[in-house]
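Here's the letter readout for the chains.
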Amino acid sequence: MSDSYRTLLLLRHAKSDYPPGVADHDRPLASRGIREAALAGDWLRVHSPPVDAVLCSTATRTRETLERSRIDAPTEFVDRLYDATPGAVIDEINGVSSLFDHDVDTLLVIGHEPTMSAVSLGLATADGSNSAAAERIATKFPTSSVAVLRTGADWSQLTLNSATLVTFHVPR
């Protein structure tokens with residue numbers, strides 16, 4: 001661990017709609033989701049360091065969440081983040097330095113449940129993490145919610161139990 005740290009922001013997509021005949025991957029945001037994605041972006045701009053890069057699932061609802069959050073950072077849309085296992089998400093995070101041509105100190109990952117909660121809790125160390133936030137995540141990781149973790153490890157070295165869960169926010 002170095003003296004500097006990296007911030008990982010795990011954002012579940014905003015509330016989606018369920019139009020008839022639309023495949024799961026292609027479901028858009030609902031009206032509530034449009035509003036809450038903007039609230040999530042507002043919260044991130046105030047309460048986290050500026051986002052240096054984004055990894056986003058290719059699903060329509062995650063893309064629209066990013067757009068409505070108004071987070072402006074270099075973005076990679078990653079097919080593997082849709083219907084991903086926690087291990088696949090961590091693997092994508094481990095490869096961040098090969099995806100972006102600049103240092104990434106704050107990374108935003110936009111994905112789905114139940115994966116975002118599993119990654120949040122899996123990465124969090126038992127000592128030093130916010131236990132109230134962990135309990136809330138274990139109970140429910142609602143749409144538009146953000147888990148904030150910090151680590152001194154390089155992204156390539158991020159593993160289970162290697163980050164501190166700082167906070168959990170549900171924008172409403």
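As a reminder, the structure under discussion sits directly above these lines.
Quick look at the structure, then. (Residues numbered from 1 in each chain as written. Predicted model: local features only at pLDDT ≥ 70, side-chain atom pairs only at ≥ 80, totals over all residues. Heavy atoms only, no water.)

**Side note on the overall build of the protein chain**
Line of reasoning, step 1. When helices and strands are tallied, the protein chain shows 6 helices and 6 strands.
Line of reasoning, step 2. In the protein chain, the succession of α and β elements from N to C terminus is β-α-β-α-β-α-α-β-α-α-β-β.
Line of reasoning, step 3. Taking 16 Å as the expected radius of gyration for a compact globule of 172 residues, we find that the protein chain reaches 15 Å, a close match to that expectation.
Line of reasoning, step 4. Oriented by its inertia axes, the alpha-carbon framework of the protein chain measures out at about 50 × 35 × 30 Å.
Line of reasoning, step 5. In the protein chain, the proportion of contacts linking residues at least 24 apart, taken out of those at least 6 apart, comes to 73%.
Line of reasoning, step 6. Carbon and sulfur atoms form 49% of the exposed surface of the protein chain, whose accessible area is close to 8000 Å².
Line of reasoning, step 7. Once the 16 positive and 22 negative side-chain charges of the protein chain are each reduced to a mean point, those two points are 10 Å apart. (Helix = DSSP H or I, 4+ residues; strand = E, 2+ residues; numbered from the N terminus. Rg over C-alpha atoms; globule rule 2.2 N^0.38 Å. Contact = heavy atoms within 4.5 Å. Areas by Shrake-Rupley, 256 points an atom, 1.4 Å probe, with all protein chains shown as cover. Lys, Arg positive; Asp, Glu negative; His and termini not counted. Charge placed at Lys NZ, Arg CZ, Asp CG, Glu CD.)

**Considering the environment of V170**
Line of reasoning, step 1. Here V170 lies in the segment after β6 (164-169).
Line of reasoning, step 2. Expressed as a C-alpha distance, the spacing of V170 and A40, which sit 130 residues apart in the sequence, is 7.8 Å.
Line of reasoning, step 3. When residues no more than four places from it in sequence are discounted, the contact partners of V170 are R136, P142 and S145.

**Focus on the pattern of salt bridges**
Line of reasoning, step 1. Per the counting criterion, the structure on display carries 10 salt bridges.
Line of reasoning, step 2. Measuring nitrogen to oxygen at the nearest pair gives 3.0 Å for the salt bridge that ties D154 to R6. Linking D154 in the loop between β5 (146-151) and β6 with R6 in strand β1 (residues 6-12), this pair joins segments that are 148 residues apart in sequence.
Line of reasoning, step 3. With a relative accessible area of 15%, R6 lands in the buried category.
Line of reasoning, step 4. Of the charged contacts in the structure, one is a salt bridge between D91 and R80, with a shortest N-O distance of 2.5 Å. Placement of D91 in helix α3 (residues 86-94) and of R80 in the loop between β3 (75-78) and α3 is noted, with a sequence separation of 11 residues between them.
Line of reasoning, step 5. Residue D91 is classed as partly exposed on the basis of its relative accessible area, which comes to 40%.
Line of reasoning, step 6. The class for R80 is partly exposed, based on a relative accessible area of 39%. (Salt bridge = Lys/Arg side-chain N within 4 Å of Asp/Glu carboxyl O. Buried < 20%, exposed > 50% of the residue type's maximum accessible area, 1.4 Å probe, protein only.)

**Concerning helix α5 (residues 115-123)**
Line of reasoning, step 1. Of all 9 residues in α5, 7 are buried; the element is thus mostly enclosed.
Line of reasoning, step 2. All of the buried residues in α5 are T115, M116, S117, V119, S120, G122 and L123.
Line of reasoning, step 3. Buried residues along α5 sit against β1, α3, β4 (106-111), α6 (131-139) and β5.

**A word on the nonpolar core**
Line of reasoning, step 1. Grouped together as the largest cluster of nonpolar side chains are 30 residues, with contacts concentrated most on L8, L55, I93, L107, V109 and L149.
Line of reasoning, step 2. Among the elements of the structure, β1, β2 (53-57), α3, β4, α5, α6, β5 and β6 are those that each provide at least two residues to this core.
Line of reasoning, step 3. For this core, the leading source of residues is α3, giving 4 residues.
Line of reasoning, step 4. Contact partners of L149, with chain neighbours within four places excluded, come to R6, T7, L8, L10, S120, L123, A124, A163, T164, L165 and V166.
Line of reasoning, step 5. Among the nonpolar cores identified, the runner-up in size contains 15 residues, and A40, V51, I71 and L108 belong to it. (Core = buried A, V, L, I, M, F, W, Y, C linked by side-chain atoms within 4.5 Å.)

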